[in-house]
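So the chains spell out like this:
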Amino acid sequence: MAKTTFRIWRGDANHAKFVEYETDISEGMVVLDAIHRIQAEQANDLAVRWNCKAGKCGSCSAEINGNPKLMCMTRMSDLPEDQPITVEPMRAFPLIKDLVTDVSWNFKVKEKMKPFTPRPPDAEDGTWRMEQEDIDHVQEFRKCIECFLCQDVCHVLREHELHEEFIGPRLFVYAASLEMHPIDTENRLAELKDTDGIGYCNITKCCTKVCPEHITITDNAIIPLKERVVDEFYDPVKKLFRIFSS
Amino acid sequence: MSAYETYDYDILIIGAGGAGLRAAIEAAASNLSVGLICKSLLGKAHTVMAEGGVAAALANVDERDNWRVHFADTMRGGQYLSNARMAELHAKEAPEQVRELEAWGALFDRTADGSILQRNFGGHQYPRLAHVGDRTGLEMIRALQDHGIHQGIEVHMEHTIVSLLKNGERIAGAFGYEREKGRFKIFSAKAVVLATGGIGKAYKVTSNSWEYTGDGHSLAYHAGAELIDMEFVQFHPTGMVWPPSVRGILVTEGVRGEGGILTNSEGRRFMFDDIPELYKNQTADNPEEGWRYTQGDRDARRPPELLTRDHVARCIVREVEEGRGSPHGGVFLDIAWIKEKLPNAAEHIRRKLPSMYHQFKELADIDITVEPMEVGPTTHYIMGGIRVDADTQMTAVPGLFAAGECAAGLHGANRLGGNSLSDLLVFGKRAGEYAAQFAAENGNAQIDTAQVDAIAAEVLKPFENSPEGDNPYQIQAQLQEMMQELVGIARSQESLTQALEEIQGLAEKARAVHAIGNREYNAGWHTALDLDNLLTVSEAIALAALERRASIGAHSRDDYPEKEEPRAGKYNTVIQKTPDGTMTIRRNLIPELREDLQTIIAEMG
Ligand SMILES: Cc1cc2nc3c(=O)[nH]c(=O)nc-3n(C[C@H](O)[C@H](O)[C@H](O)COP(=O)(O)OP(=O)(O)OC[C@H]3O[C@@H](n4cnc5c(N)ncnc54)[C@H](O)[C@@H]3O)c2cc1C
Ligand code: SF4
Ligand code: SF4
Ligand code: FES
């Protein structure tokens, strides 16, 4: 068993700093295990979110050695051994305490978006028929575990703090899952352009790089949405062309 | 004026997993005010982790399926200790409930003709589990969540209820704290629905998260409701065993549904060695037939790997105990072998079981398309729980309802995989509906603030206890080790009596645990408060396990290996709190089955 030093961000919105802890690391441990060990043995009141410990719930997001990651899916053996490991909360959200941030903004923004609105059922049994190949790409978006790591790295939120004008990559993925849903009938393009701020995204792809679910956020969700917005509002001919050729 | 922030709802739902969300949606449909409380953020409840699928006799893949077969499968799986009316309602209503999710945006995997695809699972006669790869729970909770947020439900995330409030016999609301600042809140309500999930954190090796401390079971018990069949704790046969830090994390039964096989250190498919009488004529007697079954051959019988979970778990324990285990104390689960049968096996596995592939690759450095996994039993689910009326889900306390994993009745001595997600939908909906009806028919009940003050003082005690008191995490760990050791898969009078004694000792220590720091988002304090719930459910499990002197379903007694106690008949164990505060247990004989249901069971063999 090797001893490893952790520098963990401790404190609340008024005052916080790195505090060092040393703990034993055994085979196969992930960062969340180490945090739990420190919590159980040395810092009972350490605040940290987690649920599934298997990358399924998106609770344990943090910045580990500066990289946005799920703590439960980051193996200790993948981190450099010779220096302390820093664990900080997501920096794009207000701190509540220690590793826990206030992510309620994401929930509020989602609530304001137009909900799923299916066309009337058209199969004989009162449901719908959908081909697997027509839902594959929407299923990709629906893999999202709402860890908000993509929101954390997006410079429009993190640096420019445009929370009032820009909904961020997670919610573009959500919008895409609705817009491309084979039986949804709603049109969200005006909102995407005006209130959701899709134009602020300059396709840096930082969000895609950190997504633990490997959702191709930029290429598969944001760019197609941008194209639809352009077609709808700036290029009616292209729009018609797309409708007829699809 | 109350000193606490107070909220007033017609219906209060405690828990925002599948059951709680479904109940909230239903209750909100009646235009009454609905409050919804959960310990984590919205969408993070256990339901999100469910992998394999939701059971419903849609008959999309095999038209021979219908509610009768599903009913009979559930009853057989539960060793006929299930509440037959619940099993009937469940089997009949699950298909409609699954279709409704689709109307709310869920996208299940499809059949070739564009309907909802269904897969094989243990104990289900036909392919019955609607699924999305191996992330069905995520799809379900997200569909419910995204629909639910537009129904006018008020959600309180990261709040914990510590006590139910009553007025005389009747429910009056609940009392709890919010995590962020540790402030107390009163929720007054005409009707309350408990949908708090399970108890897995009472054990050391579990697939469950920190939330599963049996809160609903304990809240209901202390409020005067009954707990039934608490001895039936499901040990899922396939949890990860290596590396140590991931021990207990679930490996979905879907792996076996897709053709995965269990082997021991000698390479033998040991599941063929012991096929229970009850399942003999439904089970393949050679590997070839088993494989054909997983590939949809309708004339083939299912492989023994897909026998019920209680049985598979016991077989694994036997292999390990008799020295034929894998290097880290489990057995092998092999899906990679299907490359002998399928040309593009690796790709097929990654598509059908993406999160299993991911989980083993990232947490154990194992590529499941190439190598076998090592697996062993993990505490997964509790069949027992709060006793409810089959139709309305109301408990013995007027106005108090329960649904989902914390309620009991549907699963009897053993739950079939996939029957929980459908349980949440069917009975979550019913609980919401009948809670709304109760709220509409009954006025507000006054809340007694003296009662609340007393609870608040109790909740703050860990801060006031002497720093000499134990660290709450230590007591939790001691309890978990003890339960694992003494009240686990193999039990005996001796182990259970000892467990009950140790629980008393730990309860004493728990009263003196010390919490450091302040009330803001303080995990140590929360752990201290959860101890009371964990101890209550642990005592209930051990007491019920002592009472049932037989080995049936998920409950195994080394000292009573027989399935039935002679002349005892079929019964449920019922636990209740006496006026002096002690836990009592009695048996309740299961009434004779309705004739038409008997006929179904007889017909299905
Ligand atoms: C890894 C895994 C895989 C599974 N796979 C399947 C599967 O494939 N098919 C299947 O049918 N079943 C499966 N199950 C079982 C199934 O997922 C659960 O039984 C089911 O999701 C429980 O749902 P629920 O709504 O009852 O509770 P949960 O979804 O656990 O929700 C409980 C809610 O109650 C809240 N709560 C608890 N205590 C309090 C309190 N004191 N105050 C306030 N709120 C509280 C929690 O915060 C949470 O919101 C699986 C379980 C696990 C762990
Ligand atoms: S691609 Fe767009 S949304 Fe993603 S991080 Fe860059 S700017 Fe933000
Ligand atoms: S899109 Fe990916 S990174 Fe963003 S919230 Fe979802 S899972 Fe997390
Ligand atoms: S704990 Fe669920 S994603 Fe890490």
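Computed from a prediction, not measured in an experiment: that's the story for all the values here.

**Student:** With reference to specific residues and values, describe the overall build of chain A.
**Tutor:** The secondary structure content of chain A amounts to 10 helices and 7 strands. Expressed as lengths along the three principal axes of its C-alpha atoms, the size of chain A is roughly 65 × 40 × 30 Å. Out of the 246 residues in chain A, the part that is buried amounts to 47%. Restricting to contacts in chain A with at least 6 residues of sequence separation, those with at least 24 account for 61%.

**Student:** Quick rundown of the overall build of chain B? Include the residues and the values.
**Tutor:** What chain B contains, in helices and strands, is 16 helices and 20 strands. For 605 residues, the compact-globule formula gives about 25 Å, and the C-alpha radius of gyration of chain B, at 23 Å, lands near that figure. Considering only C-alpha atoms, chain B reaches an extent of 75 × 50 × 50 Å along its principal axes. The buried share of chain B, reckoned over its 605 residues, is 62%. Long-range contacts, defined here as pairs at least 24 residues apart, represent 75% of the contacts in chain B between residues at least 6 apart.

**Student:** Summarise the site of ligand 3; cite the residues concerned and give the values.
**Tutor:** Around ligand 3 sit 17 residues in total, of which A:Cys144, A:Cys147, A:Cys150, A:Arg170 and A:Cys211 are the nearest. Residues of the shell around ligand 3, tallied by class, amount to 13 nonpolar, 1 polar and 3 charged.

**Student:** Tell me about the confidence of the model for chain B, and please be specific about residues and values.
**Tutor:** The predicted model of chain B averages 95 in pLDDT, with 100% of residues at 70 or higher. On the interface metric, ipTM, the complex scores 0.95, and its pTM is 0.96.

**Student:** Quick rundown of the pairing of strand S1 (residues 5-14) of chain B? Include the residues and the values.
**Tutor:** Looking along a regular strand, one sees the side chains alternate between the two faces of the sheet. Residues and elements named next belong to chain B. As paired strands, S1 and strand S9 (residues 184-194) are joined by 9 bridges and run parallel to one another. Each bridged residue has a counterpart across the sheet, and for Ile13 the counterpart in S9 is Val193. Note: S1 against strand S2 (residues 34-37), 4 bridges, orientation parallel. Bridged to Leu12 within S2 is Gly35.

**Student:** Which residues make up the packing of helix H13 (residues 472-486) of chain B against helix H15 (residues 523-547) of chain B, and what values do they have?
**Tutor:** Residue and element names in this part refer to chain B. Where H13 contacts H15, the axes come no closer than 9 Å and their chain directions differ by 25°. By the angle between their axes, H13 is roughly parallel relative to H15. Here the hand of the crossing between H13 and H15 comes out left-handed. In this structure, H13 uses Pro472, Tyr473, Ile475, Gln476, Leu479 and Met483 to contact H15, whose residues at the interface are Gly524, Thr527, Ala528, Leu531, Leu534, Leu535 and Ser538.

**Student:** Mind laying out the environment of B:Phe187, listing which residues take part and the relevant values?
**Tutor:** Residues and elements named next belong to chain B. For Phe187, the position within the fold is in strand S9. With 179 residues separating them along the chain, Phe187 and Ile366 place their C-alpha atoms 48 Å apart. When near neighbours in sequence (up to four residues on either side) are disregarded, Phe187 contacts Tyr7, Tyr9, Leu12, Gly35, Gly173 and Ala174.

**Student:** Provide a residue-level description of the interface of chain A and chain B, including the pertinent values.
**Tutor:** Between chain A and chain B, the contact holds 45 residues from the first and 50 residues from the second. Among the elements of the structure, helix H1 (31-41), strand S6 (95-97), helix H2 (104-112) and helix H3 (132-142) of chain A are those that each provide at least two residues to the side of chain A that touches chain B. Examining the composition of the side of chain A that touches chain B, we find that 5 residues originate from one element, H3(A), more than from any other. When the residues that make up the side of chain A that touches chain B are grouped by side-chain class, the tally is 20 nonpolar, 11 polar and 14 charged.

**Student:** I'd like a rundown of the pairing of strand S20 (residues 583-589) of chain B, residues and numbers included.
**Tutor:** All names here are of chain B. Direction of pairing for strand S19 (residues 571-577) relative to S20: antiparallel, over a ladder of 7 bridges. Opposite Lys577, over in S20, you have Met583 as the bridge partner. Between S19 and the antiparallel strand that follows it, S20, lie 5 residues; Gly581 among them carries a positive phi value of about 95°.

**Student:** Run through the site of ligand 2, naming residues and quoting values.
**Tutor:** Around ligand 2 sit 13 residues in total, of which A:Cys154, A:Pro169, A:Cys201, A:Thr204 and A:Cys207 are the nearest. Here the shell around ligand 2 is built from residues that sort into 9 nonpolar, 3 polar and 1 charged.

**Student:** Any chance you could break down the nonpolar core for me, citing the residues and the numbers?
**Tutor:** Generally speaking, soluble globular proteins have nonpolar side chains that are buried together. With 262 residues, the main nonpolar core has B:Ile11, B:Val192, B:Val193, B:Phe401 and B:Ala435 as its most contacted residues. With 15 residues, H15(B) is the largest single contributor of residues to this core.

**Student:** Please provide a residue-by-residue account of the domain arrangement of chain B, values included.
**Tutor:** Residue and element names in this part refer to chain B. What the domain assignment reports for chain B is domain 1 (5-234 + 380-441), domain 2 (237-378) and domain 3 (449-568). Put simply, the middle of domain 1 and the middle of domain 2, counted by C-alpha atoms, are 28 Å apart. Every contact between the two is made by 22 residues of domain 1 and, on the other side, 25 residues of domain 2.

**Student:** I'd like to hear about the sheet that holds strand S12 (residues 261-263) of chain B, residue by residue, with values.
**Tutor:** Sheet strands pair via backbone hydrogen bonds, and the direction of the pair is either parallel or antiparallel. Residue and element names in this part refer to chain B. With antiparallel pairing, the 4 strands of this open sheet are ordered in space as S11-S14-S13-S12. Both outer strands of the open sheet, strand S11 (233-240) and S12, are each paired with one neighbouring strand and no more. Averaged over all adjacent pairs, the angle separating strand axes in this sheet is 45°, with direction ignored. Examined bridge by bridge, strand S13 (residues 331-334) and strand S14 (residues 373-382) share 3 bridges and lie antiparallel to one another. Note on S14: the bridge partner recorded for Phe332 is Glu374. Contacts between helix H8 (residues 309-321) and the sheet are confined to S11, S13 and S14, with S11 contributing the most and set at about 55° to the helix.

**Student:** How would you summarise helix H6 (residues 168-179) of chain A if you had to cite specific residues and measurements?
**Tutor:** Residues spaced three or four apart along an α-helix point in a common direction, a consequence of the helix completing one turn every 3.6 residues. Residues and elements named next belong to chain A. Its 12 residues give H6 an end-to-end C-alpha distance of 16 Å, which sits within 8% of 16 Å, the value for a rise of 1.5 Å per residue. Across the 12 residues that make up H6, a large majority, 11, are buried. By the burial criterion, the buried members of H6 are Gly168, Pro169, Arg170, Leu171, Phe172, Val173, Tyr174, Ala175, Ala176, Ser177 and Glu179.

**Student:** Can you lay out helix H10 (residues 354-364) of chain B for me, pointing to particular residues and giving the numbers?
**Tutor:** Residues and elements named next belong to chain B. Extensive coverage of H10 is indicated by the burial of 9 of its 11 residues. For H10, the set of buried residues is Ser355, Met356, Tyr357, His358, Gln359, Phe360, Glu362, Leu363 and Ala364. Where the residues of H10 are buried, they touch S11, helix H6 (254-257), helix H9 (345-352) and S14. In the stretch just after H10, Asp365 is the one whose phi turns positive, near 55°.

**Student:** Report on unusual backbone geometry, specifying residues and quantitative values.
**Tutor:** Between B:Trp242 and B:Pro243 the backbone carries a cis peptide bond, its omega angle lying at -5°. Following the sequence through the fold, B:Pro243 ends up in the loop between S11 and H6. The phi dihedral of A:Glu161 is positive, around 50°, even though this residue is not glycine. By the element assignment, A:Glu161 lies in the loop between helix H5 (155-158) and H6. At B:Tyr80, a position not held by glycine, the phi torsion is positive, near 60°. With respect to the helices and strands, B:Tyr80 occurs in the loop between helix H2 (67-77) and helix H3 (84-103).

**Student:** Quick one: what's the story with the domain arrangement of chain A, residue by residue and with numbers?
**Tutor:** Residue and element names in this part refer to chain A. Partitioning chain A into structural domains gives domain 1 (2-101) and domain 2 (104-245). Taking only C-alpha atoms, the centre of domain 1 and the centre of domain 2 are 31 Å apart. Taken together, the 11 residues of domain 1 in the interface contact 12 residues of domain 2. Looking at side-chain class alone, the side of domain 1 that touches domain 2 contains 6 nonpolar, 3 polar and 2 charged residues.

Reading the values: rules and limits
Residues numbered from 1 in each chain as written. Chains lettered and ligands numbered in written order. Predicted model: local features only at pLDDT ≥ 70, side-chain atom pairs only at ≥ 80, totals over all residues. Helix = DSSP H or I, 4+ residues; strand = E, 2+ residues; numbered from the N terminus. Buried ≥ 20, exposed ≤ 12 C-beta atoms within 10 Å, placed from the backbone. Contact = placed C-beta atoms within 7 Å. Rg over C-alpha atoms; globule rule 2.2 N^0.38 Å. Near = placed C-beta within 6 Å. Nonpolar A, V, L, I, M, F, W, Y, C, P; charged D, E, K, R; others polar. pLDDT = per-residue confidence, 0-100. Pairing = 2+ DSSP bridges. Axes fitted to C-alpha atoms, helices over the stretch in contact; angles between N-to-C directions. Parallel < 35°, antiparallel > 145°, perpendicular 65-115°, else oblique. Left-handed = near helix turned anticlockwise from the far one by under 90°. Core = buried A, V, L, I, M, F, W, Y, C linked by C-beta atoms within 7 Å. Domains from an automatic or database assignment. Expected span 1.5 Å × (residues − 1).

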